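If you want the building blocks of each chain, they are given just below.
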Amino acid sequence: MAHTTNRSFYDSLVSRLNQVPQGAPVSESLYKILKILFSEKEAELVSLLPIRPFSAEKAAKIWKKGVSESKIILETLASKGMLLDNEFKGEQVFILPPTMAGFFEFSMMRIRNDYDQKALGELFHQYLNTEEDFTRELFTGSETNLGRVFVNEETIPRGDFIEVLDYEKSSEIIRTSPQIGLGVCYCRHKMQHLGKNCDAPMEICFTFNNSAQSLIKHGIAREIDKSEALDLLQAADEYNLVQFGDNVRNQVNFICNCCGCCCEAMLAAKRFAFTRTVQTSNYIASINEEGCTGCGKCVEVCPVESLSLVSAGNPRSKRKKKAQINEDICLGCGVCVRVCKEELLHMNKRKERVITPMNSAHRTVLMAIEKGMLQNLIADTQALYSHRVMALILGVILKLPPVKQIMASKQMKSRYLEYILTRMEI
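Residues numbered from 1 in each chain as written. Predicted model: local features only at pLDDT ≥ 70, side-chain atom pairs only at ≥ 80, totals over all residues. Heavy atoms only, no water.

Below, the discussion takes up the side chain of Gln-22. For Gln-22, the position within the fold is in the loop between α1 (2-17) and α2 (28-37). Polar side-chain contacts of Gln-22 include one of 3.0 Å to the backbone oxygen of Met-100. (Helix = DSSP H or I, 4+ residues; strand = E, 2+ residues; numbered from the N terminus. Polar contact = N/O pair within 3.5 Å; in protein donor to acceptor, adjacent residues only side chain to side chain.)

Let us now look at the sheet that holds strand β6 (residues 203-208). Overall, antiparallel pairing links the six strands, which are arranged β4-β8-β9-β6-β5-β7 in an open sheet. Either end of the sheet is taken by a strand with one partner, and the two such strands are β4 (147-150) and β7 (222-224). Strand-to-strand twist of the sheet, defined as the mean angle between neighbouring strand axes without regard to direction, takes the value 35°. Where β4 lies against strand β8 (residues 242-246), four bridges are found, and the strand directions are antiparallel. When the bridges of β8 are listed, Arg-148 appears paired with Gly-245. Across the sheet, helix α12 (residues 209-217) lies against β5 (180-184), β6 and β7, angled at about 115° from β6, the strand it touches most. (Pairing = 2+ DSSP bridges. Axes fitted to C-alpha atoms, helices over the stretch in contact; angles between N-to-C directions. Contact = heavy atoms within 4.5 Å.)

Turning our eyes to something else, we now look at the packing of aromatic side chains. Taken as a whole, this structure holds 10 aromatic pairs when the rule is applied. With centroids separated by 5.5 Å and ring planes inclined at 85°, the aromatic side chains of Phe-103 and Phe-104 adopt a geometry described as edge-to-face. By relative accessible area, Phe-104 is classed as buried at 0%. Aromatic pair Phe-206 and Phe-208: ring centres 6.1 Å apart, planes at 40°, arrangement tilted. Here Phe-206 and Phe-208 have matching classes, each one buried. Taken together, Phe-38, Phe-103, Phe-104, Phe-124, Tyr-127, Phe-134 and Tyr-186 form an aromatic cluster joined through their ring pairs. (Phe/Tyr/Trp six-rings, centres within 6.5 Å; stacked < 30°, edge-to-face > 60°. Buried < 20%, exposed > 50% of the residue type's maximum accessible area, 1.4 Å probe, protein only.)

As structure tokens, this is what we get:
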């Protein structure tokens, strides 16, 4: 009986994690991960927390504990990266981040001894790379992507660069962020414990804004200034790393510098090659095939294997090769353009402009609609139908195309929402 009861704490935690679009498919590997990251008591308490940000007073009421005791528990969880805490209108608020991008990464963003990081690395590899359910659900479960690629700014033609919007530039995200945190690359750190990491820098992934504030406060990330961040961005370019970050226009929370051999997003893009797992930039690579010498440098650096060498079709030299690009896979990162010494690769604008969600709330609602989970955001039992939460969700829905509004209405089964949508058409 005791064994069943202990497992039930983690069952409840898994159920709580799966109330949001970035959930965690059930697996024995998942349970082993959670048992390293959360004690049984922590699993029980965290499973009861609301989806939306909450105060220590709110948690105390849910847990039926004193505020002081609840605050100690919450801050302990935040110190381990299992919760994020920030100031909102002068009040300390907490939120349970998703698994990814979230507390899975935070557990490996610094070298630490309070977890068995080698065991974690092996389990993460099993859960994310050997088993497919989690990665498939995370990267292919909805039309709206979790992350997007930032085009290498040096590869954009001068005439086009003035048209690149600020939120499309990783350098601009750095320049405008009030706080920047630097952490160890979760993916390469994980691979290091397996003896499979590449030689790209480890401490090179950025967090910004509220996420940075919490992670810096608890020593999970190191605070850096804009100058150091821009220098690291240049170093990432020299290692042919891809900037992959938050798929939002406002309040970008992270930008990772990704390689094609270790990083989850790039590996997923290769594994599910014909499903758009990562939001592309608004540019796409093109190649002058006639002038291509077939050196293969662009093929070597492409993080998702969208380039390949094929026969040049030269009857006088049957062994002559040329590079060819698969536009269905190209991320538009520009890494290949940087290494082409013959300057035969160029970045062109995509025919259709990529649409980026306004902020994380907008993205979360879109993903919830697309995954049939909107009711979870509305019926968060601990949120008690907060007017602020409802206003936020309805505000996003009212700006959606009619097809997605219908999807939202069906999921909520709400006459109130149908009434609002009908009134908006008048």
